[in-house]
Amino acid sequence: MSAPSPVTVTVTGAGGQIGYALLFRIASGAMLGPDTPVRLRLLEIPAGIRAAEGTALELQDCAFPALDSIDITTDVSAGFDGTNIALLVGARPRGPGMERGDLLQANGAIFAPQGAAINAGAADDVKVLVVGNPANTNAFIASAHAPDVPAERFTAMTRLDHNRALAQLALTLQIPVRSICNVTIWGNHSATQVPDITHGIVTDSSGVPRTLPEALAAVLGSPGAVEAWLDETFIPRVAKRGAEIIEVRGSSSAASAAAAAVDHMHDWVLGTGASWTSAARVSDGSYGVDPGLISSFPVRSNNQAWEIEQGLAVSPAVQARIDRSIRELRDERDMVRSLGMVR
Ligand code: NDP
């Protein structure tokens, strides 16, 4: 059997915190499998180039068998030339006194040219994951500048929110994360995101499945106690986990964000298996989400394409939360349109 062809993986913001946690996992084969050779392309702005160069030296020293080459550039066109997988991590953080419009404008100046460069030079099968915040709208901007790339190839990361939800459920039920499936994050990767356990399944050690609401009621005492726990503890905890980590760790989450990016691309390329997962992709109108918005959905990857899980019943309470998150995405879309960043 012939060896798999090398895959070109571009990482922007490669000199940053998430980049530092991400690049070693990609090069070790955690993302695409240990037998797939990887050509890494690190894209940075001039201020970050030395950090990226230092990371590249360490990558060399790891002698990863799957790592074919490392190129470092500040040139956006060179950064995406022939790229199969683009992980857009670098973004402009919100500075003091910065309004949402300023943040969107600053990020539009990063993600519009990146979208255009992907359109001009990336491989035909390019897959894009935006990690840099505001991730959904940054992906929307990049996609709008890549008219020749199918819109569903531009995704934004809600896998960390999904993983955080699984972890909180596993801790509460005192079971391993692998026993839980079919949890969903809907909407925007922001405080309005909607973690939803309605269709979750828990499988105990003897292989017997139960619904997640039933399993939680058994631990928390009643269905009413589950509702209260979801509203008052679970949803806010998942949505505000980033702030909790900053408070405890003294700096923002990086390794868990990198792990989620690896999970997202791994499943997109190699398939999701038995459970669905969560990813933000362009809406086709499913579940009342405006077509064209990049929103998180329950998704499965078949043949390297994210497909939205169809036909799930959504309760009025969950739908109200989704509607709120979608209103936020619509506002962001309208703002980037009014700023002239997309048509
Ligand atoms: P990080 O590597 O920590 O974060 C990068 C981005 O990921 C931020 O937008 C951050 O959003 C976002 N993010 C998404 N999810 C998470 C999460 N769960 N936890 C933490 N962050 C999350 O930032 P650094 O400042 O360490 O590094 C950024 C690098 O990007 C710098 O080296 C800079 O030079 C570079 N850069 C590159 C650009 C380019 O290639 N064109 C453009 C701009 C910057 P949030 O801010 O909301 O935490």
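Here the structure is a predicted model, which is why all the values come from computation and not from measurement.

Moving on to the packing of helix H4 (residues 100-121) against helix H11 (residues 316-338). One way to put it is that H4 packs onto H11 with a least axis distance of 10 Å and a crossing angle of 65 degrees. Here the hand of the crossing between H4 and H11 comes out right-handed. Along the contact surface, H4 presents Arg-100, Gly-101 and Leu-104, while H11 presents Glu-328, Asp-331, Glu-332, Met-335 and Val-336.

Bringing the pattern of salt bridges into the picture now. Under the defined criterion, the tally for this structure stands at 10 salt bridges. Across the pair Arg-321 and Asp-231 runs a salt bridge, and its minimum N-O distance is 2.9 Å. Within this pair, whereas Arg-321 is found in helix H11, its partner Asp-231 is found in helix H8 (residues 223-239), the two being separated by 90 residues in sequence. Note on Asp-231: relative accessible area 41%, which makes it partly exposed. One network of salt bridges, in which partners are shared, links Asp-290, Arg-330, Arg-333 and Asp-334.

Lining the immediate surroundings of the ligand are 23 residues, of which Gln-17, Ile-18, Glu-44, Leu-160 and Ser-253 lie closest. Backbone polar atom of Gly-16 to an oxygen atom of the ligand: 3.4 Å apart, as the coordinates give it. Bound to the protein, the ligand loses 77% of the 910 Å² it would expose on its own. Among the secondary structure elements, those contributing two or more residues to the shell around the ligand are helix H1 (17-28), H4 and helix H6 (159-173).

Moving on, we get to the pairing of strand E4 (residues 85-88). The alternating pattern of E4 places Ile-85 and Leu-87 on one face and Ala-86 and Leu-88 on the opposite face, and all of these are buried. With 4 bridges connecting them, strand E1 (residues 7-12) and E4 associate as parallel partners. What sits directly across from Thr-10, in E4, is Ala-86. Once you follow E4 into H4 and on to strand E5 (residues 127-130), the crossover reads as right-handed.

Per the domain assignment, the segments of the protein are domain 1 (7-156) and domain 2 (159-333). Using C-alpha coordinates to define each centre, domain 1 is positioned 24 Å away from domain 2. A combined buried area of about 2,500 Å² lies between domain 1 and domain 2, and 67% of that area is made up of carbon and sulfur atoms. Taken as a group, Lys-127, Asn-136 and Phe-140 account for 24% of the area that domain 1 buries against domain 2, more than any other trio of residues on that side. The interface formed by domain 1 and domain 2 includes 1 salt bridge. The shortest N-O distance in the salt bridge between Arg-100 and Glu-332 comes to 3.7 Å.

Let's shift gears to the nonpolar core. Within the largest apolar cluster, 52 residues are counted, with the highest numbers of intra-cluster contacts made by Val-9, Leu-40 and Leu-87. Among the elements that make up this core, the one with the highest residue count is helix H10 (residues 255-270) (8 residues). Domain assignment of the residues forming this core places at least three in each of domain 1 (7-156) and domain 2 (159-333). When neighbours within four sequence positions are excluded, Val-9 is seen to be in contact with Ile-26, Met-31, Leu-32, Val-38, Arg-39, Leu-40, Arg-41, Ile-85 and Leu-87. Membership of the second largest hydrophobic core comes to 28 residues, among which are Ala-117, Phe-140, Val-149 and Ala-280.

Tracing the backbone through its elements, the reader meets Trp-306 in strand E14 (residues 305-308). Under the relative-accessibility criterion, Trp-306 is labelled buried at 3%. Residues Trp-306 and Asp-267, spaced 39 residues apart in sequence, show a C-alpha to C-alpha distance of 9.2 Å.

With 14 residues, helix H2 (residues 49-62) should cover 20 Å at 1.5 Å per step; its first-to-last C-alpha distance of 20 Å lies within 8% of that length. The positive-phi residue at the C-terminal boundary of H2 is Ala-63, with phi of around 50 degrees.

All right, on to the sheet that holds strand E7 (residues 180-181) then. The antiparallel open sheet is built from 3 strands, whose spatial order is E7-E10-E11. Single-partner strands in this sheet number two, and they are E7 and strand E11 (209-211). As paired elements, E7 and strand E10 (residues 201-203) share 2 bridges and run antiparallel to each other. Note on E10: the bridge partner recorded for Ile-180 is Val-202.

Cut-offs applied
- Residues numbered from 1 in each chain as written.
- Predicted model: local features only at pLDDT ≥ 70, side-chain atom pairs only at ≥ 80, totals over all residues.
- Heavy atoms only, no water.
- Axes fitted to C-alpha atoms, helices over the stretch in contact; angles between N-to-C directions.
- Helix = DSSP H or I, 4+ residues; strand = E, 2+ residues; numbered from the N terminus.
- Left-handed = near helix turned anticlockwise from the far one by under 90°.
- Contact = heavy atoms within 4.5 Å.
- Salt bridge = Lys/Arg side-chain N within 4 Å of Asp/Glu carboxyl O.
- Buried < 20%, exposed > 50% of the residue type's maximum accessible area, 1.4 Å probe, protein only.
- Near = heavy atom within 4 Å.
- Polar contact = N/O pair within 3.5 Å; in protein donor to acceptor, adjacent residues only side chain to side chain.
- Areas by Shrake-Rupley, 256 points an atom, 1.4 Å probe, with all protein chains shown as cover.
- Pairing = 2+ DSSP bridges.
- Right-handed = clockwise from strand over helix to strand, strands pointing away.
- Domains from an automatic or database assignment.
- Buried area = accessible area lost by both parts, 1.4 Å probe.
- Core = buried A, V, L, I, M, F, W, Y, C linked by side-chain atoms within 4.5 Å.
- Expected span 1.5 Å × (residues − 1).

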